[in-house]
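Architecture and fold: a report
Letter by letter, the chains look like this.
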Amino acid sequence: MALLGSPWMLRLIHIALFCSLCFAEDPYANFQLELSYITASPLGVPQQVIAVNGTFPGPTLNVTTNDNVVVNVKNKLDEDLLITWPGVQMRRNSWEDGVLGTNCPIPAGWNWTYQFQVKDQIGSFFYFPSLNLQRAGGGFGSFIITNRDIIPLPFKTPDGDIVIIIGDWYIRSHTALRLALDAGNDLGMPDGVLINGKGPYQYNTTLVPDGVDYETINVDPGKTYRIRVHNVGVSTALNFRIQNHNLLLAETEGCYTMQQNYTSLDIYVGQSYSFLVTMDQNASSDYYIVASARFVNQSIWQNVTGVAILHYSNSQGKAAGPLPDPPNDVYDKSYAMNQAMSIRQNGSASGARPNPQGSFHYGSINITDTYILSSMPPVVINGTTRTTLNGISFVNPDTPIGLADQYKVQGAYKLDFPSTSLTGPPRIDRSVINATYKGFIEVVLQNNDTVVQSFHISGYGFFVVGMAYGNWTENSRNSYDKWDAIIRSTTQVFPGAWTAVLVSLDNVGVWNLRTENLDRWYLGQETYMRIVNPKDDNTTALPAPGNVLYCGALAYLQTPQKTSSSASTISGQHRLYLMLLVLFSAAISVLC
């Protein structure tokens, strides 16, 4: 009782009351995620995978626009861990982004609690572990932000919501894959493609052995489902299709699209899509769901194909016969690029707020800076195999950038990332982009590598305004879509080609720019944008959270954590504050 009567506690209660009045309409969504190793056999061979809450893949996290999301992560792996949330913009709060440039890692046996708001966002996203190639071992799951009831969907409410997680897969563990890269070796062809963590249906007894568990999607005839597809793989672009069914594209990574039908769609590593699929076929048999590799030699990659089953509730038999054909574009390099550029923003639809998405006239805004980021095939630097952007192979700082700024740690990183490729030999460095707050920048991703790549910018959605084969020039701007370009957070860049995106830098913080191809990312193909409000008025960026972890030059500030199941880096006072905040929020909501 003495504690409750203390001036400190009274101030805390006053703060809680004030916060509850401010945020009574923004509820909390609470989750517990425990990452651990389990044994599974997705391709018929027992192997170690990373489970979330004992399942592989992990659970779907469903939240609503403007929810305050609290995720307590328990690290039961034998190595450091971070969870990242690509596409979730973490407005004013890069402290929760979950990559090494912004967060100290969660040590093995520790807990850490993410706290962020999904402010003014809707759509289909996923979470995954960002360190040490761990995503190649699992640890991923879907993250869905549902619109508020007062905001209508730009389509009739579907009869159901289905999540499909696809990705290439290796039987070797993520640690074995990591050792291969450290030794300068290529990862080679994956062993298969998984759909929802399971191997292929035995559509061909020669290619698919007995005993492989496959995924079955159960549906009712005549109903329309929203099918959300995420490519969480290592490095392989996949073509997604459902036998005899049209895919009506509706949304990609939080942006509603112009609704158009596709018989199949290429989904690149790190990308997410929503399709509306109507079960309008007869039920004489089940139907194949296929995810097959793109831009490879199909005769060699035959067994690297994911196959699941679409099962009507009144189906009369099993799926049989050959799989539906993939795109036949071996001699047509333009097919995939034209398909990508056919995806347009639905400017008449409301997103997370009542105003239409197209009300932001990006095509008439002057560009303040241009960054031409060139990726090259792996090179040897100082005796080790590395990958580069503009000739720089990035090494994460020992002290995260935001903490280094706050505590004035000297030499943690450099604000000298070049806007074009270096002319000298490639180097290993900690170079960061010194981006300008409120700038409107053009980022040209020039892929001089031999493989198709995906690039991601955290903290933002960007406009994909153009792509073409060859080298980008200033004349390339004449081909830009300046009216209804799709907004997304991860875009593909074809080998020997470029992709241009426009980004409005209105989100203060430190934001990761990286390839989503895990091998290229692990070997150094990333950097960060540091965006600071020069007025420093504390309204455009949140302070470091109360449970912030310390490492590097600030490791001496870190309080040891108990490794029991009840351990948490949230202090007792902070936990009490959260409890009071929730209680008062509930009380105010009832009174109002």
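Remember, predicted model here, so these are calculated numbers, not experimental data. (Residues numbered from 1 in each chain as written. Predicted model: local features only at pLDDT ≥ 70, side-chain atom pairs only at ≥ 80, totals over all residues. Heavy atoms only, no water.)

Counting residues in hydrophobic clusters, the biggest one holds 108 residues, and the most contacted among them are Trp85, Tyr114, Phe143 and Phe275. Ignoring sequence-local partners within four residues, the contact set of Tyr114 consists of Val69, Val70, Val71, Val73, Leu82, Ile83, Trp85, Glu96, Gly98 and Ile106. In terms of nonpolar packing, the next biggest core, distinct from the first, is built from 33 residues, Val49, Trp169, Leu194 and Trp521 among them. (Core = buried A, V, L, I, M, F, W, Y, C linked by side-chain atoms within 4.5 Å. Buried < 20%, exposed > 50% of the residue type's maximum accessible area, 1.4 Å probe, protein only. Contact = heavy atoms within 4.5 Å.)

On to the pairing of strand 17 (residues 272-278), then. Most of strand 17 is tucked away: six of the seven residues are buried. Pairing between strand 12 (residues 224-231) and strand 17: seven bridges, direction antiparallel. Pairing of Ile227 across the sheet is with Phe275, part of strand 17. Where strand 14 (residues 247-252) lies against strand 17, three bridges are found, and the strand directions are antiparallel. Bridge pairing in strand 17 links Leu248 to Leu276. (Helix = DSSP H or I, 4+ residues; strand = E, 2+ residues; numbered from the N terminus. Pairing = 2+ DSSP bridges.)

Once that is clear, we can look at the sheet that holds strand 6 (residues 111-117). Picture the strands of a sheet paired through backbone hydrogen bonds; they go either parallel or antiparallel. Pairing in this open sheet of four strands is mixed, and the strands run 2-1-4-6 from one edge to the other. Two strands close off the open sheet at either side, each with one partner strand: strand 2 (47-52) and strand 6. Averaged over all neighbouring strand pairs, the angle between strand axes comes to 20°, with direction disregarded. Relative to strand 6, strand 4 (residues 68-75) runs antiparallel, the two being bridged by seven bridges. (Axes fitted to C-alpha atoms, helices over the stretch in contact; angles between N-to-C directions.)

Time to look at helix 3 (residues 334-341). Burial in helix 3 covers these residues: Ala336, Met337, Gln339, Ala340 and Met341. Those residues of helix 3 hidden inside the fold are in contact with strand 15 (255-262), strand 16 (265-267), strand 28 (462-469), strand 30 (490-493) and strand 31 (497-504).

Nothing here speaks to function; it is all geometry.
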